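# Chain and residue survey
Given next are the chains, with one letter for each unit.
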Amino acid sequence: TKKIIDFVRKFFIKDFLKMKLVECGCPTALGSTISMTVEAPRKEVLSIISGEMKKFAREKKVNILLLRDFYEAELNLYNLLQEHGFKHIQNLPNSIIVNRWETFDHYLKDLTAKYRRKILRYIERLEQHNVIVKEVDDFGEHADRLFELWKATYDRAKEYQREILTPEFFRNMDTYLGKRSRAILFMIGDVIIGFILMLYDDETLIPLFVGMDYQYARQVNLYFNFLCYIIKMVIREKKRILEIGITSIYQKKDFGAEIIPLYAYMMHLNPLFNIIIPNLFILFTPPIIIVPKHVFSRRYFERIYTDFKIRFWYKGKEQSARVVDMSESGVRFVSGIPLKKKNLITVEFYFPRDINSFMIQARVVWCRKINTGIETGLEFKNIHQPILDRLRNFVNYLRNIVYAKK
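A brief structural summary.

### Quick word on the overall build of the protein
Counting secondary structure elements, the protein contains eleven helices and 15 strands. Relative to the compact-globule value of 22 Å for 406 residues, the protein shows a C-alpha radius of gyration of 24 Å, a close match. In the protein, 68% of the contacts between residues at least 6 apart in sequence involve partners at least 24 apart. As displayed, the protein has an accessible area near 22,600 Å², and 53% of this comes from carbon and sulfur atoms. Seen as two clouds, the 65 positive and the 46 negative side-chain charges of the protein have centres 8 Å apart.

Have a look at this one:
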């Protein structure tokens, strides 16, 4: 299909199937789209956002609206957007690496032999070609070269193309972000052959844009060495998260990236086209099959035996259950609902003495009848980092209770 579209664009219609849209969301790999307090009237807030987006789109004479990005466990909260004409679609997934190493050498030792050898070969290739890596806080003077390398990479992108940058963009990132931004330059002699534009959050390291000279890229494994270097940086800087974005996820999995599905809501202002356009987008977006790679030595999570209540959603209905045990990887509970193996449900946990809850997507691993009801084992799926932090705090809280009783 892509070959047909490229042919039509090349010889007949340059902008065939290219559509302008009004997008409500953050730049690539940065943050949440919508934030509101627990007390906020969610339905009314989403209604206002929808109304303002439609008004803005009409002013700009654009018919397609997009709200992105949402994690799987949030969909029960934001499906209210469907009442305003939005259609639920899948976006490209996000990828992160959670830093749990003291040194890069510890990271390498944590990998299985197969993946450790691959990464060491990439680093060796860089050294063989005498590539020097420089970290530059003041990179405005290189803006023209960075733009040139970025544009070469952008033109080759197959999965994803968005805003067009300019040399001024790189100068502004240097001027206005100060120590929150840095350029990592890969050089042969005095020539910059590749770069990574890094952003620094309090706990997160974000490679926002990269660029490569394709005369050198393949022979020095430049992209893979980008990944090696930013992993070294997140460990050295003692940041908790390396957020590495929504492209090239299969390559990133070899380095230990966790792949987390993202979703969006789309609509067309014309009711007839609103039936066609979102479905057309789904048709031309290949489904992401997230199969984790076991690049690290297998870890086992401690199981905490406990007793408390949770809520879960199954087939759109809210249900309650009693937890028997749980860990960072899953939970076992008793309810009155027979769940089918491999079904996905959303589970809601409450912190003690905390008005905030958190929700996790889970897959049914097994289900069986017992004397007190129906016992179900769940495996947590696709947990993004803020929720993973809350889950770990919750498990630690339960662990402390158990040890205190002992």
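### Quick word on the pattern of salt bridges
Under the defined criterion, the tally for this structure stands at 25 salt bridges. Ionic pairing is found between Asp69 and Arg68, a salt bridge with its closest N-O pair at 2.7 Å. One exposure class covers both Asp69 and Arg68, and it is buried. Close ionic contact of Glu348 with Arg311 constitutes a salt bridge, the shortest N to O distance being 2.7 Å.

### Observations regarding the packing of aromatic side chains
As enumerated under the stated definition, the model contains 22 aromatic pairs in all. Centre to centre, the rings of Phe170 and Phe195 are 5.7 Å apart; their planes meet at 85°, and the pair counts as edge-to-face. Taken together, the residues span a long stretch of sequence, with Phe170 in helix α7 (residues 167-177) and Phe195 in strand β6 (residues 191-200) at a distance of 25 residues. A relative accessible area of 0% places Phe170 in the buried class. A connected cluster of aromatic rings, assembled from ring pairs, spans Phe147, Trp150, Tyr154, Phe169, Phe170, Phe195 and Phe209. Against the face of Tyr78 rests Arg42, its NZ or CZ located 5.5 Å from the ring centre. Taking NZ or CZ as reference, Arg368 lies 4.3 Å from the ring centre of Trp366, over its face.

### A short note on the packing of helix α5 (residues 113-128) against helix α8 (residues 222-236)
Where α5 contacts α8, the axes come no closer than 9 Å and their chain directions differ by 110°. Judged by the angle between their axes, α5 and α8 are roughly perpendicular. Taking contact as the criterion, the partners of Ile119, Tyr122, Ile123 and Leu126 in α5 are, on α8, Phe224, Asn225 and Cys228. By residue class, the composition of the contact of α5 with α8 is six nonpolar, one polar and no charged.

### Remarks on the packing of helix α6 (residues 143-156) against α7
Packed helix pairs are specified by the crossing angle of their axes together with the interaxial distance, meaning the distance between the axes. The contact between α6 and α7 brings their axes to 8 Å, and the two run at 125°. Judged by the angle between their axes, α6 and α7 are oblique. Note that α6 runs across α7; the crossing there is right-handed. Contacts between α6 and α7 involve Ala143, Asp144, Leu146, Phe147 and Trp150 from the former and Pro167, Phe170 and Arg171 from the latter. The class makeup of the residues in the contact of α6 with α7 is six nonpolar, no polar and two charged.

### Quick notes on a nonpolar patch on the surface
Residues Phe7, Phe11, Phe12 and Ile13 make up a contiguous nonpolar surface patch of about 460 Å² in total accessible area. Locating Ile13 in the fold gives a position in the loop between α1 (2-11) and β1 (21-24). Judged by its relative accessible area of 45%, Ile13 falls in the partly exposed class.

### Structural notes on the pairing of β6
Of all ten residues that make up β6, nine are buried, and the element is covered over most of its length. Here eight bridges tie strand β5 (residues 181-188) to β6, and the two strands are oriented antiparallel to one another. Of the residues in β6, the one forming a bridge with Leu185 is Phe195. Here β5 folds back onto β6 in antiparallel fashion, the turn holding two residues, of which Gly189 has a positive phi close to 65°. As paired strands, β6 and strand β7 (residues 204-212) are joined by seven bridges and run antiparallel to one another. Note on β7: the bridge partner recorded for Phe195 is Gly211. Between β6 and β7, which follow one another and run antiparallel, lie three residues.

### So, the environment of Lys239
Within the fold, Lys239 resides in the loop between α8 and β8 (241-243). Relative accessible area serves as the criterion here: at 14%, Lys239 is assigned to the buried category. Separated by twelve residues in sequence, Lys239 and Gln251 have C-alpha atoms that sit 22 Å apart. Not counting residues up to four positions away in its chain, the partners in contact with Lys239 are Asn99, Tyr200, Asp201, Asp202, Glu203, Thr204, Leu205 and Val234.

### Quick notes on the sheet that holds β8
Strand order in the open sheet formed by nine strands is β1-β2-β9-β3-β8-β7-β6-β5-β4, with mixed pairing between adjacent strands. Edge positions in the sheet fall to β1 and β4 (132-136), since each of these pairs with one other strand and no more. Neighbouring strand axes in the sheet, compared pairwise and without regard to direction, differ in orientation by 30° on average. Alignment of strand β3 (residues 87-98) against β8, held across three bridges, turns out to be antiparallel. When the bridges of β8 are listed, Val98 appears paired with Ile241.

Cut-offs applied
Residues numbered from 1 in each chain as written. Predicted model: local features only at pLDDT ≥ 70, side-chain atom pairs only at ≥ 80, totals over all residues. Heavy atoms only, no water. Helix = DSSP H or I, 4+ residues; strand = E, 2+ residues; numbered from the N terminus. Rg over C-alpha atoms; globule rule 2.2 N^0.38 Å. Contact = heavy atoms within 4.5 Å. Areas by Shrake-Rupley, 256 points an atom, 1.4 Å probe, with all protein chains shown as cover. Lys, Arg positive; Asp, Glu negative; His and termini not counted. Charge placed at Lys NZ, Arg CZ, Asp CG, Glu CD. Salt bridge = Lys/Arg side-chain N within 4 Å of Asp/Glu carboxyl O. Buried < 20%, exposed > 50% of the residue type's maximum accessible area, 1.4 Å probe, protein only. Phe/Tyr/Trp six-rings, centres within 6.5 Å; stacked < 30°, edge-to-face > 60°. Lys NZ or Arg CZ within 6 Å of the ring centre and 35° of its normal. Axes fitted to C-alpha atoms, helices over the stretch in contact; angles between N-to-C directions. Parallel < 35°, antiparallel > 145°, perpendicular 65-115°, else oblique. Nonpolar A, V, L, I, M, F, W, Y, C, P; charged D, E, K, R; others polar. Left-handed = near helix turned anticlockwise from the far one by under 90°. Patch = residues over 30% accessible without salt bridge, like charges linked within 9 Å, V, L, I, M, F, W, Y side chains within 5 Å. Pairing = 2+ DSSP bridges.

Purely geometric stuff here, so don't read any function into it on its own.
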